[in-house]
Amino acid sequence: MFLHLDIDCFFVSAHRSIDESLLHIPVTVGGRSNLNIFSSKKEIREISSNSGAFVSNILTNEGMKSFKEYFVDENGKIRGIITTASYEARAFGVKTAMSVNEALSLCPHLKMLAPNYPLYHDLSSKLKDILIKEIPLVEQFSIDEFFGDVTGFINENEVVEFAYFLKKKIKDELNLPISIGIANTKYLSKLITEYAKPNGVKYVSLDDIPNFIKNIPIGEFPGIGKAFQERLKGYGIKTLGDIRKNQKLFYSWKKPGIDLYNRICGIRDNKLSVEREKKSIGIGRTFDVIFDRNELRRRVMILCRYLCFLVKKENVNPLTYAIKIRYEYKIKSKNYINVNRIFNEMDFKSEMIKLFDITDNHKTHGVIQLNITVLNFAKVNEYTYNLFEYESDLKKRNLTNQMQKLRVKYGVDIVKSGFEIR
């Protein structure tokens, strides 16, 4: 038996947990690209490994800023998009990913809040601690979503009561509303949570699943993207009930089709990913157009410093470095290099600056976005590094490790290279 737990309107609920004046009014949290990492102004910034839609892992004090300080730029233009809208705001047509300007035109008395990432990550961590104490197996799916496997721990006839017990505990300890879906398999529980919202519990037994999914549109099931929806509609399949009737078709598509069919029908979808193996680690920022190539190199260096912090925190050794540059007029350029070095910050920055210069093949165009990524992680004792550079790389790695210790204690900005400071 599986539980899927989803905090309702998480960012808004997080603010409401510490400010009751925000209850029962239209409230949204909006976000802007976190460009203050490029600022030379001294500020304490921390890193979190939590992730999810519209979630920054660079934790700054944006939540302390007023609407004007955060959403209005130096030219007086309102910037940003809606990342979370309360149900009261949704009643006016305000939606996630909508521009702040559009949201305010729909609801002029909307309460707009700047994001408070330290608060979100703190509440998410505390919620995980609560769940781990109450549930044998817990998977954190995103910053505000969790799966719990209570098979053999809670009887089926007691699972709804257990869900309400969890809701009360979370409300009492964290002051957060949470919706819980319950099913015999993992992804059905996630689907069912949508029908438990807001702030409710819904359980669908195995016998009732066929009737429950019968008329649900295929787009509501987690993992069915728009392209695949169009493909299915070509076969006359529009609902989850239609999928259930077409086992032979889905099984003819081998593993992807079989897995999807089984998930929807509640067959053999019973494994939680308690630990997720990362395939890549990346960081990027979008900004107003920049033509100055030295400023762009400086920003690449800063992104490298933050990405290096994340790499060392994950304790991995990437062998591939990649960069993507987005210019004006929807022009893009991307490239990568493979290395066989022990990862260290000095060489990483040097290689990424070279890669930027090689990849920047539209030098007369302004740049509006930089993304850097590392991947292809070496497995311990399964890779031979460059023997000619090995001793030097060890020394550089040790220096990187010492800088990491300082940054963990005092913030990511405590040690910078001279080129980053302007």
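Residues numbered from 1 in each chain as written. Predicted model: local features only at pLDDT ≥ 70, side-chain atom pairs only at ≥ 80, totals over all residues. Heavy atoms only, no water.

> Tell me about the overall build of the protein chain, and name the residues and values.
A tally of regular secondary structure across the protein chain gives 15 helices and 14 strands. A compact globule built from 422 residues should have a C-alpha radius of gyration of about 22 Å, and the protein chain, at 24 Å, falls within 12% of that. Oriented by its inertia axes, the alpha-carbon framework of the protein chain measures out at about 65 × 55 × 45 Å. Among the 422 residues that make up the protein chain, the fraction classed as buried is 50%. Pairs at least 24 residues apart make up 70% of the contacts formed inside the protein chain by residues separated by at least 6 positions. (Helix = DSSP H or I, 4+ residues; strand = E, 2+ residues; numbered from the N terminus. Rg over C-alpha atoms; globule rule 2.2 N^0.38 Å. Buried < 20%, exposed > 50% of the residue type's maximum accessible area, 1.4 Å probe, protein only. Contact = heavy atoms within 4.5 Å.)

> Could you give an account of the sheet that holds strand S1 (residues 2–7), naming the residues involved and the relevant values?
In spatial order, the strands read S7-S8-S1-S9-S10; together these five strands make up an open sheet with mixed pairing. Edge positions in the sheet fall to strand S7 (137–142) and strand S10 (201–203), since each has one partner strand and no second. Taken over all neighbouring pairs, the strand axes of this sheet differ in orientation by 15 degrees on average, direction set aside. As paired elements, S1 and strand S8 (residues 145–149) share five bridges and run antiparallel to each other. When the sheet's bridge partners are listed, Leu3 is paired in S8 with Gly148. Packed on one face of the sheet, helix H6 (residues 159–174) meets S1, strand S9 (178–183) and S10 and runs near 160 degrees to S9. (Pairing = 2+ DSSP bridges. Axes fitted to C-alpha atoms, helices over the stretch in contact; angles between N-to-C directions.)

> Could you give an account of the domain arrangement of the protein chain, naming the residues involved and the relevant values?
Entries for the protein chain in the domain assignment read domain 1 (9–115), domain 2 (206–276) and domain 3 (280–420). Measuring from the centre of the C-alpha atoms in domain 2 to the corresponding centre in domain 3 gives 40 Å. (Domains from an automatic or database assignment.)

> Can you break down the pattern of salt bridges residue by residue, with the values?
Scanning all chains against the criterion turns up 23 salt bridges. The partner of Lys349 in a salt bridge is Glu345, and the shortest N-O contact between them spans 3.0 Å. Residue Lys349 and its partner Glu345 are both found in helix H14 (residues 345–359); the two are separated by four residues, about one turn of the helix. Just as Lys349 is buried, Glu345 falls in that class too. Asp347 serves as the salt-bridge partner of Lys396, at 3.1 Å between the closest nitrogen and oxygen. Of the two residues, Lys396 is situated in helix H15 (residues 390–410) and Asp347 in helix H14; the sequence distance between them amounts to 49 residues. Residue classification places Lys396 among the partly exposed positions, given a relative accessible area of 24%. Note on Asp347: relative accessible area 17%, which makes it buried. (Salt bridge = Lys/Arg side-chain N within 4 Å of Asp/Glu carboxyl O.)

> Give me the lowdown on the packing of helix H13 (residues 293–314) against H15, citing residues and values where you can.
In the contact formed by H13 and H15, the axes pass within 10 Å of each other and the chain directions differ by 95 degrees. Classified by the interaxial angle, the pair formed by H13 and H15 is roughly perpendicular. Contacts between H13 and H15 pair Arg305, Cys308, Phe309, Lys312 and Lys313 from the former with Arg397, Thr400, Asn401, Gln404, Arg407 and Val408 from the latter. Classifying every residue of the contact of H13 with H15 by side-chain character gives three nonpolar, three polar and five charged. (Parallel < 35°, antiparallel > 145°, perpendicular 65-115°, else oblique. Nonpolar A, V, L, I, M, F, W, Y, C, P; charged D, E, K, R; others polar.)

> So what's going on with the pairing of S1? Which residues, and what values?
Burial within S1 is extensive, with six of its six residues counted as buried. Here S1 shows two buried faces, one formed by Phe2, His4 and Asp6 and the other by Leu3, Leu5 and Ile7. In the sheet, S1 pairs with S9 via six bridges, with the strands oriented antiparallel. Note that in S9 the partner of Leu3 across the bridge is Ile182.

> Please give an account of the packing of aromatic side chains that cites residues and values.
Tallied over the entire structure, the rule returns 19 aromatic pairs. Taken together, a centroid distance of 5.9 Å and an interplanar angle of 55 degrees make the contact between Phe10 and Tyr120 tilted. Note that Phe10 is positioned in helix H1 (residues 10–16) and Tyr120 in helix H5 (residues 117–134), a separation of 110 residues in sequence. We note that Phe10, like Tyr120, is buried. Directly above the aromatic system of Phe147 lies the positively charged group of Lys186, at a separation of 5.1 Å from the ring centroid. For the cation-ring pair, Arg299 lies above Phe287, with the distance from its terminal atom to the ring centre recorded as 4.9 Å. (Phe/Tyr/Trp six-rings, centres within 6.5 Å; stacked < 30°, edge-to-face > 60°. Lys NZ or Arg CZ within 6 Å of the ring centre and 35° of its normal.)

> So what's going on with the environment of Leu249? Which residues, and what values?
Note on placement: Leu249 falls in helix H11 (residues 247–252). In this structure, the C-alpha to C-alpha distance between Leu249 and Ser86, residues 163 residues apart in sequence, is 41 Å. Excluding its chain neighbours within four sequence positions, the residues that come into contact with Leu249 are Tyr235 and Ile237.

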